[in-house]
Amino acid sequence: MKKILLIFLVLCLSGCSEKEVKTIIEEDKDLVSINYPITGINVLDDAVSSYVNKTYKNFKKDYSGIKKPELNISYTYKEVNNNVVNISLNTFISADKTINKIKTFTYDKKSKKFLSMEDLIADLDALDYDIKKLLLEKYRDADMDFLSNVSYDYFTIDDENLTIYLGPAILKDSGSELIYLDIPLDTLDMLIDIDKSKASDNYLHIKKRNIDYDDKVVALTFDDGPSKYTNEILDVLNKHDACGTFFIVGNKASFYDKTLVKLVKNGNEIGNHSYSHKWLNRLSPDEFKAEIERTQNEVKKITGFTPKLFRPTYGGYTDRLKSYTDLIFVLWDVDSSDWKVKRKEKILKNVIPNVKDGSIILFHDNHEYASLAIESVIEELADDGYKFVTVSELLEIKELREQE
Ligand code: ZN
């Protein structure tokens with residue numbers, strides 16, 4: 001039987017010391033993938049954890065006789081203002097039937113209590129009429145008497161909307177659809193401040209990928225960016241459902257901040273390629289550490305992602321340098337020499353015949369040559385049965401294979 005590995009890269013912004021994302025992944029009998037935030041607010045964390053544990057236990061009990069049931073719990077996290085935090089947990093179960101439900105928590109650190117809709121909205125009774133009207137407009141085919149069941153137990157807040165979720169199965173034949181209504185914040189008379197500068201995604205999730213680790217896998221890596229060509233490469237990767245690992249030079253990061261955010265959101269990985277691309281062996285320990293740290297900080301500040309990988313400039317390093325950082329040093333076994341040969345045909349000739357299962361291929365995204373060749377590289381490798389993974393995923397897959 002093929003084994004499926006669900007890999008999530010879970011990230012968080014700076015100030016993560018007490019905050020974290022708990023992840024549970026199981027892949028033997030059941031498919032379980034759970035991510036939920038730990039905020040450092042004990043009461044809130046206890047409520048969230050206990051909901052997750054209960055859901056997990058019930059899933060194990062209720063689906064014990066069913067072949068490969070899937071439980072997936074994902075979340076949203078929003079600091080509404082300095083005191084109020086809103087978390088939603090979306091439970092998705094796929095088995096003999098599909099279940100999709102939501103649970104939300106809104107906690108006020110100042111009053112030390114969970115907030116309800118009554119705590120947020122000045123005149124909920126008056127709003128009730130409008131909400132029902134909007135619901136009928138949105139769900140035209142709905143059974144009319146669902147309106148009598150409308151409650152305001154579950155809601156989330158983002159920079160634009162207050163979103164109200166209606167309980168599962170409130171609509172007949174709603175299947176796995178979540179029933180919800182977005183109400184623009186600027187139409188509401190809110191009792192609490194909404195601070196839009198607060199992070200709405202303190203824990204940024206990279207797109208998840210299903211990876212069969214019996215498949216042939218390959219990691220595309222790009223050095224020396226970001227640049228104006230990085231964006232084109234990202235579009236090609238996205239188009240082919242592929243991904244890459246970009247070893248970036250830190251001092252360029254803030255200039256291409258949007259590119260880096262897109263890069264991470266599309267499921268690619270950022271690695272550290274120093275701050276100013278110096279020949280590292282000549283640096284003092286402090287200079288070397290500064291080269292690494294400055295890039296770590298830039299990437300973290302812009303994307304929320306903290307790189308785990310380091311690619312030494314010019315591929316040169318010593319064990320002495322390695323001892324100065326916890327980052328994993330990553331080289332390559334296939335060199336496209338794109339900067340040298342320039343032409344697409346030559347890049348393909350350098351790459352395709354040399355790729356094997358588990359290869360790491362080196363490109364550069366600071367000039368146009370890789371962007372011209374990358375689509376053909378992806379198409380040829382995909383035709384040959386290769387799946388594309390990030391370097392971190394590749395390392396994880398290699399480790400799992402070794403455990404076999
Ligand atoms: Zn380089």
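Refer to the structure presented above.
Given the structure is predicted, the values throughout are model-derived calculations rather than measurements.

Colleague: Help me understand the overall build of the protein chain, please; the structure alone is not making it clear to me.
Modeller: Across its full length, the protein chain carries 11 helices and 19 strands. For the protein chain, the residues scored as buried account for 50% of the 404 residues in total. By element, 47% of the accessible surface of the protein chain is carried by carbon and sulfur atoms, the whole surface being about 19,700 Å².

Colleague: Explain the pairing of strand β3 (residues 31–38) here, please?
Modeller: A regular strand places its side chains on the two faces of the sheet in alternate fashion. Extensive coverage of β3 is indicated by the burial of seven of its eight residues. In the sheet, β3 pairs with strand β4 (residues 70–79) via four bridges, with the strands oriented parallel. Across the sheet, the residue bridging to serine 33 is asparagine 72, located in β4. Read as a crossover between parallel neighbours, the route from β3 over helix α1 (residues 42–62) to β4 is left-handed.

Colleague: I'm lost on the nonpolar core in this one. Help?
Modeller: As a rule of thumb, nonpolar side chains are buried together in soluble globular proteins. Residues Leu220, Leu237, Val351, Ile361, Phe363 and Leu381 are the most contacted members of the largest nonpolar core, which totals 35 residues. For this core, the element with the highest residue contribution is helix α10 (residues 368–383), accounting for seven residues. When near neighbours in sequence (up to four residues on either side) are disregarded, leucine 237 contacts Leu220, Phe222, Ala242, Cys243, Gly244, Phe246, Asn268 and Ile378.

Colleague: Looking at this model, I keep getting lost on the packing of helix α4 (residues 230–239) against helix α5 (residues 257–265). Mind explaining?
Modeller: The relative placement of two packed helices is expressed as an angle between their axes plus a distance between the axes. In the contact formed by α4 and α5, the axes pass within 10 Å of each other and the chain directions differ by 20°. With respect to α5, the axis of α4 lies roughly parallel. Crossing of α4 over α5 shows left-handed handedness. For the pair α4 and α5, the contacting residues are Thr230, Asn231, Leu234 and Asp235 in the first and Thr259, Lys262 and Leu263 in the second.

Colleague: What should I look at first to understand the sheet that holds strand β8 (residues 154–157) in this one?
Modeller: Paired through backbone hydrogen bonds, the strands of a sheet run either parallel or antiparallel to each other. The sheet built from three strands is open, its strands ordered β8-β9-β10 with antiparallel pairing. Pairing within the sheet leaves two strands with one partner each, and these edge strands are β8 and β10 (180–184). Each strand of the sheet is rotated relative to its neighbour by a mean of 20°, with strand direction disregarded. Seen against the sheet, helix α3 (residues 124–138) touches β9 (161–165) and β10 and runs at an angle of roughly 125° to β10.

Colleague: Looking at this structure, I do not really get the pattern of salt bridges. What am I missing?
Modeller: Pairs may arise between side chains of opposite charge once their charged atoms sit close together. Following the criterion strictly, the structure yields 15 salt bridges and no others. Lysine 216 serves as the salt-bridge partner of aspartate 384, at 3.6 Å between the closest nitrogen and oxygen. Of this pair, aspartate 384 sits in the loop between α10 and β19 (386–388) while lysine 216 sits in strand β12 (residues 216–223), and the two are 168 residues apart along the sequence. On the basis of relative accessibility, which here comes to 41%, the residue aspartate 384 falls in the partly exposed class. Here aspartate 357 ties to arginine 401 by a salt bridge, and the two come within 3.1 Å at their closest N and O atoms. Separated by 44 residues along the polypeptide, aspartate 357 in the loop between α9 (344–351) and β18 (359–364) and arginine 401 in helix α11 (residues 391–403) bring together distant segments of the chain. For aspartate 357, a relative accessible area of 36% corresponds to the partly exposed category.

Colleague: Help me understand a negative patch on the surface, please; the structure alone is not making it clear to me.
Modeller: Side chains of Glu118, Asp123, Asp125, Asp153 and Asp189 sit close together on the surface and give a patch of like negative charge. In this structure, aspartate 189 sits in the loop between β10 and β11 (209–212).

Each value, and the rule that gives it
Residues numbered from 1 in each chain as written. Predicted model: local features only at pLDDT ≥ 70, side-chain atom pairs only at ≥ 80, totals over all residues. Heavy atoms only, no water. Helix = DSSP H or I, 4+ residues; strand = E, 2+ residues; numbered from the N terminus. Buried < 20%, exposed > 50% of the residue type's maximum accessible area, 1.4 Å probe, protein only. Areas by Shrake-Rupley, 256 points an atom, 1.4 Å probe, with all protein chains shown as cover. Pairing = 2+ DSSP bridges. Right-handed = clockwise from strand over helix to strand, strands pointing away. Core = buried A, V, L, I, M, F, W, Y, C linked by side-chain atoms within 4.5 Å. Contact = heavy atoms within 4.5 Å. Axes fitted to C-alpha atoms, helices over the stretch in contact; angles between N-to-C directions. Parallel < 35°, antiparallel > 145°, perpendicular 65-115°, else oblique. Left-handed = near helix turned anticlockwise from the far one by under 90°. Salt bridge = Lys/Arg side-chain N within 4 Å of Asp/Glu carboxyl O. Patch = residues over 30% accessible without salt bridge, like charges linked within 9 Å, V, L, I, M, F, W, Y side chains within 5 Å. Lys, Arg positive; Asp, Glu negative; His and termini not counted. Charge placed at Lys NZ, Arg CZ, Asp CG, Glu CD.

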